[in-house]
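Residue-level listing of the chains:
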Amino acid sequence: MADVTFTVDGKKLTAPAGTLLIEACRAAGIAIPQFCYYPGLALQAACRMCLVRQEKVGKLQTACTTQVAEGQVFTTESPEIAQARKATVELVLGNHPLDCPVCDAGGECELQDMTFKYGAGVSLYTEAKQHREEQQWSPVVFFDRPRCILCYRCVRVCNEGMDVAALGVQSRGVTSVIAPNMGDHLECEECGNCIDICPVGALTSGTYRYKTRPWEMNHVSTICTHCADGCKTTLGVRSANYGAEIIRGDNRDRSGINGDFLCIKGRYAFDFANRPDRLTKPLLRDKDGQLKEATWEQALDRTAGRLRELRESRGGGAIGVIGSNRTTNEENYLLQKFARTVLGTNNIDHHRTADYAAFVRALGERGRGRSASLRETASAPAVLLLGNDPTQEHPLAAWNLRTDVRLNQARLYVVNHTPIKLERQATATLRIPQDGYGNAIRFLAGDDTALPADDAGRGFRDALRAEPSLLILFGSEYRGAGVARVIEFGLGLADARFACLGDYVNSRGAADMGLLPDLLPGYLPVSKPGGLVEEYGGALPQTPGMDLIQIFDAAARGDLAALYVVGSNPVLRYGIAPETLKNTFIVVQEMFLTETAQLADVVLPAANLYEKSGTVTNTFGDQQLVNKAGDLAGTRSDFEMIVRIATKMGADAKKLVPYGRGVRADMGQSRGAQSGEADRHAVWLAANNLEPKLSPLDPFAVLDEIERLVPGYEPQAGGRAELMAGNDIHLEPPSAPAASSADAGPARRDLVLPAADTLFTSGTLGRYSEKLNSVLEAYTTAARTTGRDGLSPVAAGESAGERDRRA
Amino acid sequence: MSAETQTLFSPGLAARFDRMVTLYPQRRSALVPMLLYAQDEMGALNDAVIAEVASRVGISELEVRNVISYYSMLHTKPRGKYHVQVCTNISCMLRGGNELFARCKEKLKIENRETTPDGLFSLEEVECIGACSWAPAVQVNYDFHENLTPESLDALLDQYRTQNGLADRGGR
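Residues numbered from 1 in each chain as written. Chains lettered and ligands numbered in written order. Predicted model: local features only at pLDDT ≥ 70, side-chain atom pairs only at ≥ 80, totals over all residues. Heavy atoms only, no water.

Caption draft 1: Layout of the overall build of chain B. If you tally the helices and strands in chain B, you get seven helices and four strands. Ordered by position from N to C terminus, the α and β elements of chain B give α-α-α-α-β-α-α-β-β-β-α. Considering only C-alpha atoms, chain B reaches an extent of 55 × 30 × 25 Å along its principal axes. Residue pairs at least 24 apart in sequence account for 62% of intrachain contacts in chain B once pairs closer than 6 positions are excluded. Accessible surface for chain B amounts to roughly 8,900 Å². Of this, 51% is attributable to carbon and sulfur atoms. (Helix = DSSP H or I, 4+ residues; strand = E, 2+ residues; numbered from the N terminus. Contact = heavy atoms within 4.5 Å. Areas by Shrake-Rupley, 256 points an atom, 1.4 Å probe, with all protein chains shown as cover.)

Caption draft 2: Inspection of the domain arrangement of chain B at higher detail. Taken domain by domain, chain B comprises domain 1 (11–70) and domain 2 (82–167). Computed from C-alpha coordinates alone, the two centres of domain 1 of chain B and domain 2 of chain B are separated by 29 Å. (Domains from an automatic or database assignment.)

Caption draft 3: Layout of the packing of helix α12 (residues 437–444) of chain A against helix α14 (residues 481–491) of chain A. Residue and element names in this part refer to chain A. Running from N to C, α12 and α14 cross one another at 15°; their axes reach a closest spacing of 10 Å. The orientation of α12 relative to α14 falls into the category roughly parallel. Here the hand of the crossing between α12 and α14 comes out left-handed. Every residue of α14 that contacts α12 at I441, R442 and L444 is listed here: R485, V486 and F489. Here the contact of α12 with α14 is composed, by residue class, of four nonpolar, no polar and two charged. (Axes fitted to C-alpha atoms, helices over the stretch in contact; angles between N-to-C directions. Parallel < 35°, antiparallel > 145°, perpendicular 65-115°, else oblique. Left-handed = near helix turned anticlockwise from the far one by under 90°. Nonpolar A, V, L, I, M, F, W, Y, C, P; charged D, E, K, R; others polar.)

Caption draft 4: Structural view of the sheet that holds strand β7 (residues 141–143) of chain A. Strands sit in the order β6-β7-β10 (chain A) across an open sheet of three strands; the sheet is antiparallel. Either end of the sheet is taken by a strand with one partner, and the two such strands are β6 (135–136) and β10 (203–205) of chain A. (Pairing = 2+ DSSP bridges.)

Caption draft 5: Focus on the environment of A:L709. Residue and element names in this part refer to chain A. Within the secondary structure, L709 sits in helix α23 (residues 699–709). On a C-alpha basis, the gap between L709 and P578 in space is 39 Å, while along the polypeptide they are 131 residues apart. Not counting residues up to four positions away in its chain, the partners in contact with L709 are Y333, L532, E535 and Y536.

Caption draft 6: Fine view of the interface of chain A and chain B. Between chain A and chain B, the residue contacts involve 15 residues of the former and ten residues of the latter. Roughly 990 Å² is buried in total at the junction of chain A and chain B, and carbon and sulfur atoms are behind 47% of that figure. At the junction of chain A with chain B, the criterion picks out zero salt bridges. Connecting chain A to chain B are three residue pairs in polar contact (both at pLDDT 80 or more). Listing elements by their share of the side of chain A that touches chain B, those giving two or more residues are β8 (167–170), β9 (177–180) and α28 (800–806) of chain A. Considering each element in turn, the side of chain A that touches chain B owes the most residues, four residues, to β8(A). (Buried area = accessible area lost by both parts, 1.4 Å probe. Salt bridge = Lys/Arg side-chain N within 4 Å of Asp/Glu carboxyl O. Polar contact = N/O pair within 3.5 Å; in protein donor to acceptor, adjacent residues only side chain to side chain.)

Caption draft 7: Spotlight on the environment of B:V53. Residues and elements named next belong to chain B. By the element assignment, V53 lies in helix α3 (residues 47–57). Classification of V53 as buried rests on a relative accessible area of 0%. Spatially, the C-alpha atoms of V53 and M34 are 7.6 Å apart, while their sequence positions differ by 19 residues. Setting aside chain neighbours within four positions, we find V53 in contact with F9, L31, M34 and L35. (Buried < 20%, exposed > 50% of the residue type's maximum accessible area, 1.4 Å probe, protein only.)

Caption draft 8: How the structure looks around the sheet that holds strand β4 (residues 61–62) of chain A. Residue and element names in this part refer to chain A. The five strands lie next to each other as β2-β1-β5-β3-β4, forming an open sheet whose pairing is mixed. Where the open sheet ends on each side, the last strands, each with one partner, are β2 (11–16) and β4. Its contacts with the sheet put helix α2 (residues 79–93) on β3 (51–54) and β5 (73–75), and the angle it makes with β3 is roughly 150°.

Caption draft 9: Fine view of the pairing of strand β16 (residues 319–322) of chain A. All names here are of chain A. Burial along β16 is two-sided: the face carrying I319 and V321 and the face carrying G320 and I322 are both buried. When β16 meets strand β23 (residues 562–566), the two strands line up parallel, connected through four bridges. By the bridge assignment, I322 is partnered in β23 with V565. Relative to strand β17 (residues 348–349), β16 is paired through two bridges, and the arrangement is parallel. Its bridge partner lying in β17, I322 is registered against D349. Regarding topology, helix α8 (residues 329–343) serves as the crossover connection from β16 to the parallel β17, and that connection is right-handed. (Right-handed = clockwise from strand over helix to strand, strands pointing away.)

Caption draft 10: Structural view of the pattern of salt bridges. Applying the stated criterion across every chain yields a total of 56 salt bridges over all chains. Two residues, A:D728 and A:R375, come together in a salt bridge whose shortest N-O distance is 2.7 Å. Of this pair, A:D728 sits in the loop between α24 (719–724) and β29 (729–730) while A:R375 is found in the loop between α9 (356–363) and β18 (382–386), placing the two residues 353 residues apart along the sequence. Among the ionic pairs, B:E124 bridges to B:R79, the shortest N-O distance being 3.0 Å. With B:E124 in strand β2 (residues 121–126) and B:R79 in the loop between α4 (61–70) and β1 (82–87), the pair connects residues that are 45 residues apart, well separated along the chain. Using a relative accessible area of 23% as the deciding quantity, one classes B:R79 as partly exposed.

Caption draft 11: Fine view of the nonpolar core. Residues and elements named next belong to chain A. If you look at the biggest cluster of nonpolar residues, it comprises 77 residues, and the most contacted ones within it are L111, L167, I178, L203 and L473. Of the residues forming this core, the biggest block, five residues, is contributed by helix α11 (residues 395–408). Residue assignment places this core across two domains, with domain 1 (3–77) and domain 3 (356–501) each supplying three or more. What I178 contacts, discounting residues up to four positions off in sequence, is W137, F143, C148, L150, Y152, C154, V155, L167, G168 and V169. (Core = buried A, V, L, I, M, F, W, Y, C linked by side-chain atoms within 4.5 Å.)

Caption draft 12: Geometry of the packing of aromatic side chains. Evaluation of the coordinates by the stated rule reveals 16 aromatic pairs over all chains. Measuring from centroid to centroid gives 6.2 Å for A:F474 and A:Y478, while their planes differ by 85°, and the two rings are edge-to-face. Judged by its relative accessible area of 2%, A:Y478 is buried. Ring centres 4.8 Å apart and planes at 50° place the aromatic pair B:Y82 and B:Y160 in the tilted group. (Phe/Tyr/Trp six-rings, centres within 6.5 Å; stacked < 30°, edge-to-face > 60°.)

Caption draft 13: Broad picture of the side chain of A:S469. Within the element layout of this structure, A:S469 appears in the loop between α13 (455–465) and β21 (470–474). Non-local contacts of A:S469, meaning those with residues more than four positions away in its chain, are made with A:P381, A:A382 and A:D495.

Caption draft 14: Expanded view of the packing of helix α4 (residues 153–161) of chain A against α11(A). Residue and element names in this part refer to chain A. Taken N-terminus to C-terminus, the directions of α4 and α11 make an angle of 90°; their axes are 10 Å apart at the nearest point. Comparing the axis directions of α4 and α11 gives the class roughly perpendicular. Of the residues in α11, those in contact with V157, E160 and G161 of α4 are W399, R402 and R406.

Caption draft 15: Structural context of the state of the cysteines. Residue and element names in this part refer to chain A. Inspection of every chain in the model, using the stated rule, returns zero disulfides over all chains. Left unpaired, C103 is separated from the closest cysteine sulfur, that of C109, by 6.2 Å. Left without a disulfide partner, C224 is nearest to the cysteine sulfur of C263, which lies 6.3 Å away. Assessed through its relative accessible area of 6%, C224 is described here as buried. (Disulfide = S-S within 2.5 Å.)

Caption draft 16: Just the confidence of the model for chain A, in detail. When pLDDT is averaged along chain A, the result is 91, and 93% of the positions lie at 70 or above. The model gives residues 786–807 of chain A a pLDDT under 50, and that stretch makes 46 contacts with residues more than four places away or in other chains. (pLDDT = per-residue confidence, 0-100.)

Caption draft 17: Layout of α3(B). Residue and element names in this part refer to chain B. A large share of α3 lies buried, amounting to eight of its eleven residues. Taken together, the buried positions of α3 are occupied by V49, I50, E52, V53, A54, S55, R56 and V57. In this structure, the buried residues of α3 make contact with α1 (11–20), α2 (31–42) and α4. G58 occupies a position one or two residues after α3 and carries a positive phi of about 75°.

Caption draft 18: Highlighting unusual backbone geometry. Here the amide bond leading from B:A135 into B:P136 is cis, since omega sits at -5°, within 30 degrees of zero. Within the secondary structure, B:P136 is located in the loop between β2 and β3 (138–140). Even without glycine at this site, A:N689 takes up a positive phi of about 55°. Its location among the elements puts A:N689 in the loop between α22 (680–687) and α23. Among the residues examined, A:N689 registers a relative accessible area of 72% and is labelled exposed.

Below, the structure written as structure tokens:
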């Protein structure tokens, strides 16, 4: 809308006509107090805190509902307004206990701030306060009714934001009360957004309440280690005798890719880090076959010694490496470099949750610039969702899509074989058979015979194809040639952008960094390593190695001398029989004694993603910074372990991690002090105004190398500053040589195993989160005792809200 | 959503509900009238009624409960066969509404919002019922009785008790 000019407190401001005054003021740095107003949610105008004086209007007006127009004149601070706000605070305090010293929200309470500002600590109200004991509504949500100031933020975020509608307002007037959907407890997605959004201490978090004070914690922004959306989460940490304990997760300043949102995993499922059964001492298998504690040096010596011996006696081809979906890009890059240059093998793989290699290849040159950032899910005018259930697997993407539909009237088209919750926001839904995903694309592309088409199906297709621009999200239902067909279909439309949905925080990064037997970092085929041979300073194995399944097949044949596993539990995930691995020397870097670790000869206690620094890349290709928050004495990062093992095997740390000063670049000179082999890394650093890193254990040294060498990770203007500031930078997949299908070949096995995780599970890691388990348990027990449909919302594959709606 | 296949309501009312939800741009707009009709037929808005109404208008049971708890004329527990509503707002108060209310409590031996053990009468003190010109007034179910005195109120209640209903226009 056209801009209008108006006056606030004597300042001329300009904003589009119809902007809410409170927002226009905020943009101009004028803070207007509010309780009930919340950006993006429906207007409530319940609290009366944002009263302002508008010229020529008789009564004070609420800034949250006033739309600006040309020539208006407002006053936001005056004795009259201060008096009105003081009266409002006094009214709010009429039923609110003055127990700030013992309240969980003390120190970060909006009502406390307002009371200090406007001063209504002494009340004229003499009526008895309505009291009720606090209630536990779920394993993670507690409600202390007297503290509630009835701003209805929680109700709106649950209804509009989450589309769960588990909270409502009951009764009326002074007896109004926030009520949960099941009478005395909640059945919901347990996201905790109601707690985060509560301006006072009425809703409190089951993990954090009464443990500490906000000013006693350090607040570290990092990236959630669970799903592949990669939300920014701020971890509140406090010193403990073993290092630093994580006490709280939230998105404190509402910055980053996820804004206001966090799901149960980002908010509560950090507790695995504090578990007492974390491994803190390396374990070595002794002569009797028992795992015994050892020192780090003993364990590293044993690991390096055996790996070196086996490499020399049986060759790199007899060694397998399995990487992780939850380690940083730097660690993944280092791991594949270690495997290829030190172990001398391409037998490297990871648990693939989506076919990123096919995605990148399919995009190729024609699809350059067509990969979508996660941010676009909140702004795209039209979205096609092929497969997947974002409510369960991509909570942030689901939140964004709901927001997009609510605030931007976006049109959402859903293609799925089973009902998913997001269909409630969908403009149209196309139900297909479970094996019909390929046919669905043929049908959408115009082939009427591909699906038993009816008028509704054709209507869906016509509406979709009439969209001037379209964001296409596809799940792991599409792999290999299926992905290519999706991209081909999209590129035939007017303007389509794409994203491939996988699972786990750094699945995309693992593929990008070349944890694949046939592809190097940046999806370069191993047969055509290009400049990497020179960069890595030696011959690279040029035939594709064994993939994860072949590695275990080799073990079963007795052909696998050693297996090096970083942060992964393939024994459980792929159902590997323990006797398969009896003749294999196994090294496992893990937090817990998992099924895989139990079979290991050496178990090295690893730090998790919350205890290290680096970067991760979400499934949309948005790279973000990971900061060290927690700390557990005795553990080490995977990065450090890889470097130590490599150097103990005799490798040159400087070749693995570019640290310190290299050989001087000759800059064209062939004689004198400046002559010598060019140190391309140093030249690159200088060209990018970066310093050499001083430690071989500094992951940012490897980040430099990734930016220098990995197609798709080239430095972007301002990129490093954005990254360090905690913002996401979107990376376009490379349209590198990998794009030629001859190299990778159509016969390439995609080996995608969807994690099928839900809101309340997170692979092996999820099993070690007591909070996730307690929520799961609450649902299964509730189902048993109430005789409802007998399944937890997770097991039933739908949300609690949805079930509630249907029941 | 198509018409409910299984319903708690009489065929006539169910058919009425099927039509009501089509009369508004949003189904949920039919909620309050639907609750009133349902209450008249079923006596109270119990859990089963709430569940069916929620599904008919396409909202959650919690949202239906929120609305019921907001309106004092909607209730979840059955009341007496004759629900005696005594107005004590200003016009009625000036003309003896409080006395009428006291007389009711005394005669029926129940307090505000209680029901007699035989289930015949329930009593409620209500806000203005719009009969100020003929104050004091009492509403029994949907029938108005105006210009009452404690004596005429006695007679009225007796009449309800003995005849078990005057010209009962239905509803509770």
